[in-house]
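One letter stands for each residue in the lines below.
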Amino acid sequence: MDTRYLQCFISVADCGSIAEVARRLELTPAAVSARVRALEHEMGVTLIQREGRNVRPTEAGAKILDKARGVVRDAWDLQVRAKDENALGELRIGASTSVLSTMLPKVLVPYFARYPRLSMFIEPGTSSHLYHQVKNGDLDAAIIVQPQFAIPKGYTWKLLVEDMLAVIVPTHMQSRDPHELLQTEPFLRYDRSTWGGRMADRYLSKHELRPQERLEIDGAAAISAMVAEGLGVSLIPLSLVEPTQAAKVVHLPLPCPAPTRRMGFFWATQRAQAELASAFVEEALAALQGK
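This text gives an overview of the structure that appears in the document. For clarity, every value in this text was computed on a predicted model and none was experimentally measured.

Here the focus is the overall build of the chain. If you tally the helices and strands in the chain, you get 10 helices and 11 strands. The dimensions of the chain, computed from C-alpha atoms along their principal axes, are 70 × 50 × 35 Å. Expressed as a percentage of its 291 residues, the buried residues of the chain come to 46%. Taking contacts inside the chain between residues at least 6 apart in sequence as the whole, the part at least 24 apart equals 71%. Of the roughly 14,800 Å² of accessible surface on the chain, 52% is carried by carbon and sulfur atoms. Considering the chain, the positive charge centre built from 34 side chains and the negative charge centre built from 33 side chains are found 2 Å apart.

Here's what the structure looks like:
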C-alpha cells in the first residue's frame, strides 16, 4: 500500500476539499482524486463521498482514519531510522503562536542538547486547533493554554508557566485608570478564537466593559507593536508583551482579580513518542524555572 495514497485520503478527510488538498500538496485535483480512488480500489470500499462542493469520509473511511494516521507516521519513522540507526524518529509538536518566539527557543536548546539526533516538526496555531491536532494523531504533543474541560483518557496536560491578564498601553497613558482606558481608547482585541482571547473577552463581559474596538488579531507581537505606535490599548497575558517594545509599552494591573493564563504541555501518553514528549516536559520545566 502506497502511503502517499493514505496521506491524500487523510488530508481530504480532514480538509473537506480536494482542491485545497491539491494546493497544499502541490498536486492537481485530478491527481489527488486518482490517489484516493486507487486506495479505494485496493481496499475494496468507498472512503470519500461528496456533499455539494465538499467531501467527507464515508462510514468505512471514518473507521480507518485514525489507523491510517498511524501507518503514515510509522512509515515516516521507518525512513528516518533506516537512514540513521541512531535516529529517534520525528517528534511532531505544536506551539500556539504566542510562545513560538518566547518560551519555545528557551526549551529547545537543552532539549536538542539531550537528543541531538532527534528530528522535530513544529506546527504553529491556536491552542484549540493544536489540541485537536494532537487528538487526531497529527501531532504528538503541543504547548497550549490549559483546556477548560476534562482531559480525555490517554492524554496528559502539564503546567509550564502561568501569568495574568494586564492592560497594555503606551507609556504616556500609564497614570490613567485601566478600566477607563479599556472603555475610552481604541481597543486592539486579542483574537477570540484563541483561548487567551476568550479569557480577555470574559473579563470584559464580567465587568461590563464595552471597549471601542479598532481591530481583532491573533498575534501578541503585532499587538505590542501597535500599542507602541499609539494605535490603541489591549488586554493580553503579561508574558506575551513583546520584549523589543518594552521602552514604549507599559502594563497596568487590573483593579479586579485578574484571570490567570496557564500554559502547559499536552500530549498523548500511549503513543510511540510519549517518552520523548515526557522528556520535553522535563527540559521545559528546568529551562523555564532557570535550573
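When its volume is computed, the largest pocket comes out at roughly 770 Å³. The wall of the largest pocket is formed by 23 residues, among which Gln 7, Ser 11, Val 72, Arg 92 and Asp 138 lie closest to the centre. At the level of elements, α1 (3-15), α2 (18-25), α4 (59-83), β3 (90-96), β4 (119-125) and α6 (127-136) are the ones that each hand at least two residues to the lining of the largest pocket. The greatest single-element share of the lining of the largest pocket, amounting to seven residues, is contributed by α1. Classifying every residue of the lining of the largest pocket gives seven nonpolar, seven polar and nine charged. What the second largest pocket holds in volume is close to 350 Å³.

Once that is clear, we can look at the pattern of salt bridges. Enumeration over the complete set of coordinates arrives at 12 salt bridges. Residue Glu 283 is joined to Arg 114 by a salt bridge in which the shortest nitrogen-to-oxygen separation is 3.1 Å. Remark: Arg 114 occurs in helix α5 (residues 103-114) and Glu 283 occurs in helix α10 (residues 274-288); sequence separation between them is 169 residues. The salt bridge involving Glu 229 is made with Lys 248; its shortest N-O contact spans 3.8 Å. Of this pair, Glu 229 sits in the loop between α9 (220-228) and β9 (233-237) while Lys 248 sits in the loop between β9 and β10 (249-253), placing them 19 residues apart in sequence.

On to the packing of aromatic side chains. The description of an aromatic ring pair rests on the distance of the ring centres and on the angle between the ring planes. One pass over the full model with this rule turns up eight aromatic pairs. Ring centres of Tyr 131 and Phe 266 lie 4.9 Å apart, and the angle between their planes is 25°; on these two criteria the pair is classed as stacked. Highlighted residues: Tyr 131 in helix α6 and Phe 266 in strand β11 (residues 260-268), separated in sequence by 135 residues. There is no split in this pair, since Tyr 131 and Phe 266 are both buried. Aromatic ring contacts, followed pair by pair, group Tyr 111, Phe 112, Tyr 115, Phe 265, Trp 267 and Phe 280 into a single cluster. The residue whose ring lies beneath Lys 135 is Tyr 155, and the NZ or CZ to ring-centre distance is 5.8 Å.

Okay, the nonpolar core next. By size, the foremost hydrophobic cluster in this structure holds 37 residues, and its most contacted members are Ile 93, Tyr 111, Met 120, Ile 143, Ile 144, Phe 265 and Phe 280. At the level of secondary structure, the elements contributing two or more residues to this core comprise β3, α5, α6, β5 (141-145), β6 (155-170), β11 and α10. By residue number, the principal contributor to this core is α10, which donates seven residues. Sequence-distant contacts of Ile 143, defined by excluding residues within four places in its chain, comprise Gly 94, Ala 95, Ser 96, Val 99, Met 103, Leu 104, Leu 130, Leu 160, Met 263, Gly 264, Phe 265 and Phe 280. Listed in part, the 18 residues of the second largest apolar core include Cys 8, Ala 13, Leu 39 and Leu 47.

On to the environment of Arg 56, then. Note that Arg 56 resides in strand β2 (residues 54-57). Note on Arg 56: relative accessible area 37%, which makes it partly exposed. For Arg 56 and Ile 122, which are 66 residues apart along the polypeptide, the C-alpha to C-alpha distance reads 27 Å. Aside from chain neighbours lying at most four places away, what touches Arg 56 is Leu 47, Ile 48, Gln 49 and Glu 51.

What counts, and where the lines are drawn
Residues numbered from 1 in each chain as written. Predicted model: local features only at pLDDT ≥ 70, side-chain atom pairs only at ≥ 80, totals over all residues. Heavy atoms only, no water. Helix = DSSP H or I, 4+ residues; strand = E, 2+ residues; numbered from the N terminus. Buried < 20%, exposed > 50% of the residue type's maximum accessible area, 1.4 Å probe, protein only. Contact = heavy atoms within 4.5 Å. Areas by Shrake-Rupley, 256 points an atom, 1.4 Å probe, with all protein chains shown as cover. Lys, Arg positive; Asp, Glu negative; His and termini not counted. Charge placed at Lys NZ, Arg CZ, Asp CG, Glu CD. 1 Å grid on protein atoms, 1.4 Å probe; cavity = no way out; pocket = protein on both sides within 12 Å on 5 of 7 lines; lining within 4 Å. Points joined across faces, edges and corners; volume = space filled by probe spheres on them. Nonpolar A, V, L, I, M, F, W, Y, C, P; charged D, E, K, R; others polar. Salt bridge = Lys/Arg side-chain N within 4 Å of Asp/Glu carboxyl O. Phe/Tyr/Trp six-rings, centres within 6.5 Å; stacked < 30°, edge-to-face > 60°. Lys NZ or Arg CZ within 6 Å of the ring centre and 35° of its normal. Core = buried A, V, L, I, M, F, W, Y, C linked by side-chain atoms within 4.5 Å.

That is the geometry; function is a separate question.
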